[in-house]
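# Structure assessment
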Amino acid sequence: MCNRQQALIAGLFWCLSNTLPGADAELGERLYRQGIGVDGKPVKAIVQGDIEVDASLLSCASCHRNSGYGDAEGGEYVPPITAEVLFNDYTPERSHLFRNLYQDIQTAVTRASVHDIKQRRAYDRLSLKRALTEGIGSDGRTLSLQMPRFQLSDADIDALQSYLETLGKPEQGALAALGIDAETIHFATVFIPNEGLNDNTDYASKKQAIELVFSAYLKRKNLNTHAAQKKPDYSLGYKSDFVYTQKLWQLHKWELQGPATTWREQLDDHYAKQPVFAVLGGLGNDWHVVHQFCETRQLPCLFPNTALPVTSENGNYALYLSRGLSGEAQTAAEWLNTNDQIRHVVQLYRENSIGEHAARFLEAGLSSGDFNIKLIRVPDGVAANQEFLSSRLADKKQQAIIAWLNREDINQLPFYKHSILLGSASMAELWSHHQHQELSEPVKQISWIWPWAMPQQEPRRLYRVRAWMRSRWIPVVHEVEQFNTFFALDITDHAMYDILDRYSRDYFIELIERMTENSLNPGLYSAMSLGPGQRFAATHNRVIRLDNKTD
Amino acid sequence: MTPCFTGHTGNSLSRFLVALICAAGCLLQPAWSQSSVEYQISDISHLLAPAFLHDAELIESNGQAVELQQLLASADSQPVIFQFIFTSCANVCPVMSTILQAIQKEMADQAQLVSISIDPGYDTSERLQSYAERFGAMKHWRFFTGDTTTIVQLQKRLNIYQQNKMRHQPVTFIAVNQRLLRIDGLLSRQQMLSELGRLLEGPVY
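Residues numbered from 1 in each chain as written. Chains lettered and ligands numbered in written order. Predicted model: local features only at pLDDT ≥ 70, side-chain atom pairs only at ≥ 80, totals over all residues. Heavy atoms only, no water.

The next thing to look at is the nonpolar core. For soluble globular proteins, nonpolar side chains are generally found buried alongside one another. Ranked by size, the top nonpolar core spans 87 residues in total, and within it B:Phe82 and B:Leu158 carry the most contacts. A per-element tally of this core places helix H4 (residues 92-103) of chain B first, with 8 residues. Core analysis: the next-biggest nonpolar cluster, separate from the first, contains 81 residues, A:Tyr217, A:Leu302, A:Leu430 and A:Phe486 among them. (Core = buried A, V, L, I, M, F, W, Y, C linked by side-chain atoms within 4.5 Å. Buried < 20%, exposed > 50% of the residue type's maximum accessible area, 1.4 Å probe, protein only. Helix = DSSP H or I, 4+ residues; strand = E, 2+ residues; numbered from the N terminus.)

To continue, consider the confidence of the model for chain A. Do not read the predicted coordinates in detail wherever pLDDT is low. Put simply, chain A has an average pLDDT of 85, and 84% of its residues get 70 or more. Predicted confidence is poor over residues 1-21 of chain A, with pLDDT under 50, and the contacts of this stretch with residues over four places away or in other chains come to 21 contacts. (pLDDT = per-residue confidence, 0-100. Contact = heavy atoms within 4.5 Å.)

In this section: the environment of A:Gly258. Residue and element names in this part refer to chain A. Following the sequence through the fold, glycine 258 ends up in the loop between strand S5 (248-255) and helix H11 (263-273). We classify glycine 258 as partly exposed; its relative accessible area is 38%. For the pair glycine 258 and proline 193, spaced 65 residues apart in sequence, the C-alpha separation works out to 8.8 Å.

Glancing now at the environment of A:Tyr271. Residues and elements named next belong to chain A. Structurally, the position occupied by tyrosine 271 is in helix H11. Sequence separation of tyrosine 271 and glutamate 255 is 16 residues, and the distance between their C-alpha atoms is 12 Å. Beyond its immediate chain neighbours, meaning those up to four positions away, tyrosine 271 contacts Ala177, Trp254, Val276, Phe293, Arg297, Leu299 and Arg505.

Moving on: unusual backbone geometry. Residues and elements named next belong to chain A. The backbone of glutamine 48 shows a phi angle near 55°, a positive value even though the residue is not glycine. Within the fold, glutamine 48 resides in the loop between strand S1 (44-47) and strand S2 (51-54). Take glutamine 48: its relative accessible area is 3%, and that puts it in the buried class. You will see that glutamine 456, though not glycine, has its phi angle at about 70°, which is positive. Taking the relative accessible area as the measure of exposure, glutamine 456 reaches 61% and is therefore exposed.

Glancing now at helix H18 (residues 461-471) of chain A. Residue and element names in this part refer to chain A. By the burial criterion, the buried members of H18 are Arg461, Leu462, Val465, Arg466, Trp468 and Met469. The buried residues of H18 occupy an angular sector of 155° when projected down its axis, which confines them to one face. Facing away from the buried side of H18 by over 90 degrees, the exposed positions are Arg464 and Arg470. Following H18 by one or two positions, tryptophan 473 adopts a phi angle in the positive range, close to 60°. (Arc of directions from axis to C-beta.)

In this section: the packing of aromatic side chains. All told, the structure shown has 22 aromatic pairs over all chains when counted by the stated rule. Measuring from ring centre to ring centre gives 6.4 Å for A:Tyr217 and A:Trp249, while their planes differ by 20°; the resulting arrangement is stacked. Of the two residues, A:Tyr217 is situated in helix H10 (residues 200-230) and A:Trp249 in strand S5; the sequence distance between them amounts to 32 residues. Assessed through its relative accessible area of 1%, A:Tyr217 is described here as buried. The structure contains a cluster of three or more aromatic residues connected by ring pairs, namely A:Phe187, A:Tyr217, A:Trp249, A:Trp468 and A:Phe486. Of note, A:Lys207 hangs over the ring of A:Phe191, and the distance from its end group to the ring centre comes to 5.3 Å. Positioned above the aromatic ring of B:Tyr161, the side-chain terminus of B:Lys156 is 5.2 Å from the ring centre. (Phe/Tyr/Trp six-rings, centres within 6.5 Å; stacked < 30°, edge-to-face > 60°. Lys NZ or Arg CZ within 6 Å of the ring centre and 35° of its normal.)

This is the structure we're talking about:
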C-alpha cells in the first residue's frame, strides 16, 4: 500500500500502478467511455436505486466527461474523478472549494453540493470497488443514487483503476508538451492562402484584418495579466489565490504554403518547434488537412473561417462555426424539396473549389428527389452574364437556378423571372455590404441562402463588438472574419478563466461546448449553441431576399 | 410552488409533517448527501387553461405534425407523461429517459410517454429515432421536436426554460384528467409507479 508521502516521493503513478500488475488502461478507457466491459460485453448497472441499465447508455464519460472533470453545471452535480482528485485525500482546503466555485454554477442543488466541503480519504482499490459497485464513498458515505451501481468483474475494476490513474491533469513536466510554460500559454492560428480562388489581394486583406483583431485582443489580455501579477493581493476573496494560473498569451501564426499535400508536414513542423494548447480561428477555404492534424494530435482547433469544414465525420477536437458549403447545399436541397412547383434545377457554378464542392454537395443532396438537374460551369475568366447564360439556359417553366458564384459575378447576373438562389458561404462580404446598405436593387431581389442573423434582427452584442473594434482603431473591413476571430478569442478567454491550472484539452473542449451559447454570440448569428459531441455552433440557414419580399 | 411534497410520504400524519416542512421553504438537499431519491411534486393545472399551451405544434420523429393540445387530449383517459430532453445531453437526460424506459412495459396500455427535444436545430428526426432505439422505446413512447420558437415558448410557459441547454434540469410532467403535475428531480422506478398509481386513484394533491 502507498501512503500519501510515499506517493509524493515515489510519484503517484509508479506507486499506484505497481499494485496492479498487468491491468490494461486501454480496456479501462473503453469501459470509461463506452461502458463496455473487459469481456467485450456492455456492463450492467442500477441507477436511481432500482432501474437496470446498460452502461452503454450511462458510461462514466457521459457524466464525469472525457476529461474526468465532471459537470458542475447541469441539473445534478457530478464531481471530478481525475487521478489527482481521486487518489488524494480530499480536505477542506480552500483551493479545492474555490476551484469548483470558479465554475459557473447555476442551481441551488449544485451550489450546495460544492459548498459542502467533503472530507474523504484517497481512493484505493478496495474503496474504488465499493464506490463503483455498492455506491459507498471512501468516507463511508452512501453516494447519490444518480451515480449508478455497476456490476463489474475484478478485471473490470483493475482496468478502470489503471485508466483513472492516468485521467486528468498531466504531470508538471508534461505541460510544455501542451504548449504551457511557467509564464506563457501558447496558441496558434492557421492561414491557408487561396489557391485559384478570388484574387490574393482579397486573401491578404482578410488575413491582415484578422491579425489586427488577434494583436489587439492579446495586447489587452496580457496587459490585464501583468496588472494582476503585479498586485497579487488585489482581491480579498479567492481570486488572488489563482493569480499564478494567469499566464501571458502568445500567438503563433502558422502560414501554410505550396500545395495541399505538403500542409500536414508543415503543420507538424510548426508544432514540433512550439507545441500549442489550441489553434484559434484561422483562414482558408479547405480545412480538411488542418482537421486531420487536430484530430490526430488531440489538439482543440476552434472556429476557423472556412467554407469547407469536415462534415462527414464528427471529430472530437475540431469545432466549427457552421457547416459551410455543405450546410448551404443542404438548405438549398430542403428549399427545393418543399417547393412543389420545381422540377428542373440548374446549378450554375464557378470553376473553382468552392463552386465545384457546392455543386457536388447539392447534387448528392437531391439524389433522392425527382429532379432534372443540369450543371453549368462558368470557366475562369468568363463572365456569368446575359450573353453567356442565354445560350445555355433554356427558359423552362418549373425551373430553379441555384448559383455558386464569386462576389464579382453578382452584379453581372441577368435578372430572371424564375427562382434564383445564391449560396453565400464564400461571400462574407455580403453581410457587410448589407449592414452598410451597399447592395444594388437587383442583388436584393435574388434569394440568398443566409447563414447569418436576419437583417434588422441582429443580436445586440453586434454593437458591443463593433464598439470594441472601433475603440482599438481596428478598421472593420471584413466584419464576418473579424467577428468570428473575436469570438474564438473571447470564448477561449472564458474557458481559460475556468480552467485555472487544470490544463486538460478535453476539459477545454467540454467548457467550450458548455459556453457556446447566445450570450457570447458576436452578433453575426441568429443562434449559437453546442453540446456534448456537437461540432457546429451556428447551423441555422435561411432563404431570404434582402428587400424583404418573397418570391 | 404549492402544494409541495417530497417523495417519501408514508401515512397521512407524516405526509402532513412533510408538507409543513416543505411549506417552510421546500429545502433542497445537497444532491450528494442523499441516501435516497428526493423529488418535489407541484400541481400546475392552471397551465392547462386553453390559452396557455395552445398553438404548440410539435413534429414527431416520423415527420408528422401534432398539436400539443391534441397530444394532451388523450390525457382524459390515460396519463400523458412528458419530459424535455436533447439527444446530445450527457448527464441528466439519459437518466430521465431511463426512468421512462423502466416503466414503459407496465404502462403499455395505461399511459402515453413523450420526450420532447429542446434542441431542435440539432435533433433531427434521425437523431431522435436513433435515441429512441438506444432506449428501446416501445410504440407508446413518442419523440418530438418542433421549430425553435415553439419549443422555447413551450418551455417558458412551463417555467423550465434555460438560455443554455446545458443547464437543463430534470423535470417530468404528468397530465391526467384535466390536471397537470410537475415533478422536479430524478425518481426511482418504484417512486414513479406509485406516483402514477396515486394519481389514477384520485385527487391526492
